[in-house]
Amino acid sequence: MGDWSSPTFLGLEESELGPWDIVVLPVPLEISVSYGEGTERGPDACIEASSQVELNDRVLENDLPCGFKILTAPKWSSDAPSLREQLNSIRDYVKKWIRSADFPLILGGEHGILLPIIEAMENHRLVRKISDITIVQIDAHADLRDELNGERFSHGTVIRRSLEAGVGNVVQIGVRALSSEEESMIRQDDRIQTWFAGDLLSVSEHLSNWDKMIASISEIEGPVWITFDVDGLDGSLVPSTGTPMPGGLSHWGAVEIIENLFSSEKCTVIGADINEIVPDTQGSLTQFSAALVSTKIVACHIANLINNNA
Ligand SMILES: [Mn+2]
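### Brief notes about the overall build of the protein
Each helix and strand counted, the protein has nine helices and eight strands in total. Taking 2.2 N^0.38 as the reference for a compact globule, 310 residues should give roughly 19 Å; the C-alpha atoms of the protein span a radius of gyration of 18 Å, in line with that estimate. Structurally, the protein occupies a C-alpha span of about 50 × 45 × 45 Å along its principal axes. Within the protein, the fraction of its 310 residues that count as buried is 51%.

### Some points on the sheet that holds strand E3 (residues 103-108)
Strand pairing within a sheet occurs via backbone hydrogen bonds; the two strands may be parallel or antiparallel. With respect to topology, eight strands assemble into an open sheet ordered E2-E1-E3-E8-E7-E4-E5-E6, the strand pairing being parallel. Across the chains shown, the open sheet's two edge strands, defined by having one partner strand only, are strand E2 (70-72) and strand E6 (192-196). Pairs of neighbouring strands in the sheet enclose a mean axial angle of 15°, with direction left out of account. Bridging between E3 and strand E8 (residues 267-275) involves three bridges; their strand directions are parallel. Following the sheet pairing, Leu105 is matched in E8 by Ala272.

### Digging into the environment of Leu148
Topologically, Leu148 is positioned in the loop between strand E4 (134-138) and helix H4 (158-164). Look at Leu148 and you get partly exposed, because 19 C-beta atoms sit within 10 Å. Discounting residues that sit within four places of it in the chain, Leu148 has contacts with Ser154, Gly156 and Thr157.

### Comments concerning the nonpolar core
Among the nonpolar cores identified, the biggest contains 94 residues, and Val24 and Leu25 are the most heavily contacted of them. With ten residues, the single largest contributor to this core is helix H9 (residues 285-309). Look past the residues within four positions of Val24 in its chain and what remains in contact with it is Phe9, Ile70, Leu71, Thr72, Ala73, Leu105 and Leu107.

### Notes on unusual backbone geometry
Along the chain, Gly18 connects to Pro19 via a cis peptide bond; the corresponding omega equals 0°. By secondary structure assignment, the location of Pro19 is in the segment before strand E1 (22-27). Put simply, Leu64 and Pro65 share a cis peptide bond, and its omega is 5°. Examined against the element boundaries, Pro65 turns out to sit in the loop between helix H1 (42-50) and E2. Positive phi values are uncommon outside glycine, yet Leu10 reaches one of about 65°. Residue position: Leu10 is located in the segment before E1.

### Considering the pairing of strand E5 (residues 169-175)
Most of E5 is tucked away: six of the seven residues are buried. Handedness of the crossover joining E4 and E5 through H4: right-handed. The sheet contact formed by E5 and E6 spans five bridges and is parallel. Counterpart to Val175 in the pairing with E6 is Phe196. In terms of handedness, the path from E5 via helix H5 (residues 180-188) over to E6 forms a crossover that is right-handed.

### Comments concerning the environment of Val269
Structurally, Val269 can be placed in strand E8. Each C-alpha atom, one on Val269 and one on Met245, is 27 Å from the other, the two residues being 24 residues apart in sequence. For Val269, the contacting residues outside a window of four places in its chain are Val224, Ile226, Leu261, Phe262 and His301.

Reading the values: the criteria
- Every chain's residues receive numbers from 1 upward, in the order its sequence appears when written.
- Local features in a predicted model are, by the rule used here, given only for residues with pLDDT of at least 70; side-chain atom pairs are given and counted only at 80 or more, and totals for whole chains, interfaces and linings are based on all residues.
- Numbering goes from the N terminus for both helices and strands, where a helix is a DSSP run of H or I of at least four residues and a strand is a run of E of at least two.
- Just to be clear, the radius of gyration here is over C-alpha atoms, and the globule rule we use is 2.2 Å times residues to the power 0.38.
- Three classes are used. A residue is buried when 20 or more other C-beta atoms lie within 10 Å of its own, exposed when 12 or fewer do, and partly exposed in between, with C-beta atoms placed from the backbone.
- For two strands to be treated as a pair, DSSP must find no fewer than two bridges joining them.
- Angular values range over 0 to 180 degrees, each being the angle between N-to-C directions of two axes fitted as lines to C-alpha atoms, with helices fitted over their stretch in contact.
- Contact between two residues is assigned whenever their backbone-derived C-beta positions fall within 7 Å.
- Buried Ala, Val, Leu, Ile, Met, Phe, Trp, Tyr and Cys residues whose C-beta atoms connect them within 7 Å together make up a nonpolar core.
- Viewed with both strands pointing away, a crossover whose connecting path from the first strand over the helix to the second turns clockwise is right-handed.

Geometric values such as these leave the question of function open.
See the structure below:
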C-alpha cells in the first residue's frame, strides 16, 4: 500500500481508517523531455511546504481540518513502458481513491495528468456523465494543441484531449501565451470560454474585465473540476515551474476565483488538481504558492461540508 510514514498534508495527524472526507493524491508524472525538469518532485515538495501553512483560513471559524478527515494517500507510481499506459495507471489509481472519498485533491506532476483524472470521473458519485463536467482551468497556456513535439498526451494538449474525452465546457482563466492554432480553436469552439490575463489584469480599471469574469464563473452549473496549473499565477510567485510567465494572477486573484466557485449554489466543485509544481532549490516559494492554493481549496470544501450539515 505504500509508505504511511511520509509527511502528511498540512502536517496533520491522519487516520489510516476511512472513510475520509478528502484524499490528497500525489501524482508525480514527468514525461515531456522538452520541458523544464522537476515535476516528479513537485507533489512531495508541496506536501512538505503545506506544513508551514496556517490552519486558520478566513472561510472557516475553526482551525483545519475542523473535525473532518483528510488522508494523504501513498503516491502514484508506475513502470508502464508507454505514456498512454502510464496515464491508464493514473486513471485506475484515481478511480480507486474516489471510491474512498468524494473529494480528491490531486498534486502533480505534469498537466498531462488531467486527462486520466477526467476519465476516472465517470466513477465520481456526483457525476452522471462526463459531458456534465465544466473544467475551470487556471493556466498561462491554453493547452489546446493537437500535439506538442509529436506527443499527443502532454501538458500542451491536455485540454484538447479532455474535450475529446467528452468534457462539456472549459473556462480558461489567466491565459497569456498561445499559438494561432489554439487562438482560432478558442474563437470557433463554443465549449471554450477564455479569460485572457491581459484583459483581466489591465492596470486601467475601466479596461479590466475581472469583475465580469467573477460574475460569469458564479453562473456555471453542474459539476466543476478545477485544474490549476501553477504557471497561471504570476511567474514571480512560482519561479521554478517549467515555464514561469510574467503577467499572471496574484495570490488573491486565485483565492477570489476559488472562493467564488465554492460558494456558488449553481455548481459543485467535485475535486481539483494543482499541477506543474516544480520545487525551488533555493528557497521554497513555488511549492509554498502551490500549498497555499491547495489549502484554500481544502478549506472551501470543508466550509461547504459544514454549511451542508448545518
Ligand atoms: Mn497547463
